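Remarks on the overall topology
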Amino acid sequence: VQLQASGGGLVQPGGSLRLSCAAAVGTFSRQTIAWFRQAPGKDREFVAATRRSGGSTHYADSVKGRFTISRDNAKNTVYLLMNSLRPEDTAVYYCAADPSIILSSLRECRHYEYWGQGTEVTVSS
């Protein structure tokens, strides 16, 4: 499985960005896809996840109500729409995939088998 994250950039506080994670995998609809982020000097943290096609979505409390994760199985792509961005959202964002992760583990990066390269998001005036 190959994952390609894109869409990062520099945005002012209060602005929006949409990240994309394109997956080269034949079983995309069966993958749980998640976004994690890592700020300088900090651990990688869970942001959002979408479970296998038709499944649920999950968010970190820090982004709930501001970020929306969605998937387009026809395009093998997951999106992360980020609104009302704050300076504390500044980080490198990574997408991850796993076909068999269980609900209780999906917020832990160590359980994901496949990772894409990061895309950098900077929120600054």
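Here, the structure is the one placed above.
The paragraphs below set out a description of the structure included in this document.

Analysis parameters
Residues numbered from 1 in each chain as written. Predicted model: local features only at pLDDT ≥ 70, side-chain atom pairs only at ≥ 80, totals over all residues. Heavy atoms only, no water. Phe/Tyr/Trp six-rings, centres within 6.5 Å; stacked < 30°, edge-to-face > 60°. Helix = DSSP H or I, 4+ residues; strand = E, 2+ residues; numbered from the N terminus. Buried < 20%, exposed > 50% of the residue type's maximum accessible area, 1.4 Å probe, protein only. Polar contact = N/O pair within 3.5 Å; in protein donor to acceptor, adjacent residues only side chain to side chain.

Applying the stated criterion to the full structure yields four aromatic pairs. Geometrically, the ring pair formed by phenylalanine 36 and phenylalanine 46 is edge-to-face, given 5.7 Å between the ring centres and 75° between the ring planes. Of this pair, phenylalanine 36 sits in strand E4 (residues 32-38) while phenylalanine 46 sits in strand E5 (residues 45-50), placing them ten residues apart in sequence. Residue classification places phenylalanine 36 among the buried positions, given a relative accessible area of 1%. Between phenylalanine 36 and tyrosine 112 the ring centres are 5.4 Å apart and the planes differ by 75°, which places this aromatic pair in the edge-to-face class. Placement of phenylalanine 36 in strand E4 and of tyrosine 112 in the loop between strand E9 (91-98) and strand E10 (114-115) is noted, with a sequence separation of 76 residues between them. One aromatic cluster is present, built from ring pairs that chain together Phe36, Phe46, Tyr112 and Trp115.

Let us look at the environment of arginine 37. Secondary-structure assignment places arginine 37 in strand E4. Accessibility expressed as a relative area gives 5% for arginine 37, which makes it buried. Through-space distance from the C-alpha of arginine 37 to that of alanine 60 is 11 Å; in sequence the pair is 23 residues apart. One polar contact links arginine 37 to aspartate 89, side chain to side chain, over a distance of 2.9 Å.

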